[in-house]
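Spelled out from the first residue to the last, the chains are:
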Amino acid sequence: TMAYLPVAQDTPWQKSDEIDLSRSAVLVVDVLGGSNEVLPVLADMVANSVAIVKAARAAGVPVIFADDAHVPGLDRELELWGDHGIAGTEDAKPAATFEVGEGDYVIPKRRYDAFFQTDLDLTLRELGVDTLIVVGADTNICVLQTLAGAYFRVGTQEYGLEYFSRCYDSRVVDTARVLSYLAA
C-alpha cells in the first residue's frame, strides 16, 4: 500500500478568500523589542507586520499583541532559549514602530501558545472575533503553537477541523494580500 497523502477537500472556506472584518482581529505574536533597535534579520518581518497593523486600525479591525513576558528563574522556556522577553523590560514590549495605542490590546504570555493561561480566548470572545489574521515570530514556534491552541479549544475533532478552517484559516498569504483584505 502507498502512504496516505492528504488532499484538500472541496469546502466552502477553500473556495472563498473573503474575510468578514467585523468578526476579525489582527493578532501580533512576539514582534517585540520596545524602543530597542530592530535586528536587521527581522526588519522585513517587522515592517510587514506594522503595515498590516496600520491597515487593520484604519479598517476598524482590533489589534491584539501577544507578547512574551517571562519570569526569570521560573519559566522553563528560558532554559531552552536564554533570557528573552523578560516581563517588565523593553524586550517584552511590542516593537515601538507599532505605536501601540489605547484601542489596542496587549496580552502577556509565558508559553509559546498565546492562548495557554492568558486572556486571549476571553478577549476574542468579548470582541465577537472568530477570525484571526496572525503575524509574528517565530512562525515555527509561537505562531504555530498559538494556531494549534486555537484548534484545540473547540469540541470534537470533526468540529475542531471545521472551526479551525473557518475561524483560524490556515491559508498562507503574502503581506500584499492581507493589506488588500483590510482595504476592502
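If you're wondering where the values come from, they're calculated on a predicted model, not measured in any experiment.

Some words on the overall build of the protein chain
Of the regular secondary structure elements, the protein chain holds 7 helices and 4 strands. Long-range pairs, those at least 24 residues apart, make up 75% of the contacts in the protein chain with a sequence separation of at least 6.

Details of the packing of aromatic side chains
Remark: the centre distance and the inter-plane angle together describe each pair of aromatic rings, the angle taken between the planes. Under the counting rule described, the total for this entry stands at 1 aromatic pair. Considering the side-chain rings of Phe65 and Phe98, the 5.0 Å spacing of their centres and the 70° angle between planes classify their relative orientation as edge-to-face. Taken together, the residues span a long stretch of sequence, with Phe65 in strand β2 (residues 63-68) and Phe98 in the loop between α3 (77-81) and β3 (105-109) at a distance of 33 residues. A residue is classified by how much of its surface remains accessible, and Phe98, at 1% relative accessible area, is buried.

Let's talk about the pairing of strand β1 (residues 24-29)
Burial within β1 is extensive, with 6 of its 6 residues counted as buried. Neither face of β1 is open: one carries Ser24, Val26 and Val28, the other Ala25, Leu27 and Val29, and all of them are buried. Bridging between β1 and strand β4 (residues 131-136) involves 6 bridges; their strand directions are parallel. In the strand pairing of β4, Ala25 is matched with Leu132. Regarding topology, helix α2 (residues 43-58) serves as the crossover connection from β1 to the parallel β2, and that connection is right-handed.

Quick notes on the environment of Phe98
In sequence terms Phe98 and Ala51 are 47 residues apart; their C-alpha atoms lie 8.8 Å from each other. For Phe98, the residues in contact, after removing those within four places along its chain, are Val28, Val31, Ser49, Val50, Val53, Arg57 and Phe65.

A few points about the confidence of the model for the protein chain
Across the protein chain, the average pLDDT comes to 84, with 82% of residues at 70 or higher. The low-confidence segment residues 163-169, where pLDDT is below 50, has 19 contacts with residues more than four positions distant or belonging to other chains.

Let's talk about the sheet that holds β2
Across a sheet, paired strands are connected by hydrogen bonds in the backbone, their directions being either parallel or antiparallel. In spatial order, the strands read β3-β2-β1-β4; together these 4 strands make up an open sheet with parallel pairing. Each end of this open sheet is capped by a strand with a single partner; those strands are β3 and β4. Strand-to-strand twist across the sheet, computed as the mean angle between neighbouring axes with direction ignored, equals 25°. Relative to β3, β2 is paired through 5 bridges, and the arrangement is parallel. Across the sheet, residue Ile64 finds its bridge partner in β3, namely Tyr105. Set on the sheet, α2 makes contact with β1, β2 and β4; between it and β2 the angle comes to about 145°.

Rules behind the numbers
- Residues numbered from 1 in each chain as written.
- Predicted model: local features only at pLDDT ≥ 70, side-chain atom pairs only at ≥ 80, totals over all residues.
- Heavy atoms only, no water.
- Helix = DSSP H or I, 4+ residues; strand = E, 2+ residues; numbered from the N terminus.
- Contact = heavy atoms within 4.5 Å.
- Phe/Tyr/Trp six-rings, centres within 6.5 Å; stacked < 30°, edge-to-face > 60°.
- Buried < 20%, exposed > 50% of the residue type's maximum accessible area, 1.4 Å probe, protein only.
- Pairing = 2+ DSSP bridges.
- Right-handed = clockwise from strand over helix to strand, strands pointing away.
- pLDDT = per-residue confidence, 0-100.
- Axes fitted to C-alpha atoms, helices over the stretch in contact; angles between N-to-C directions.

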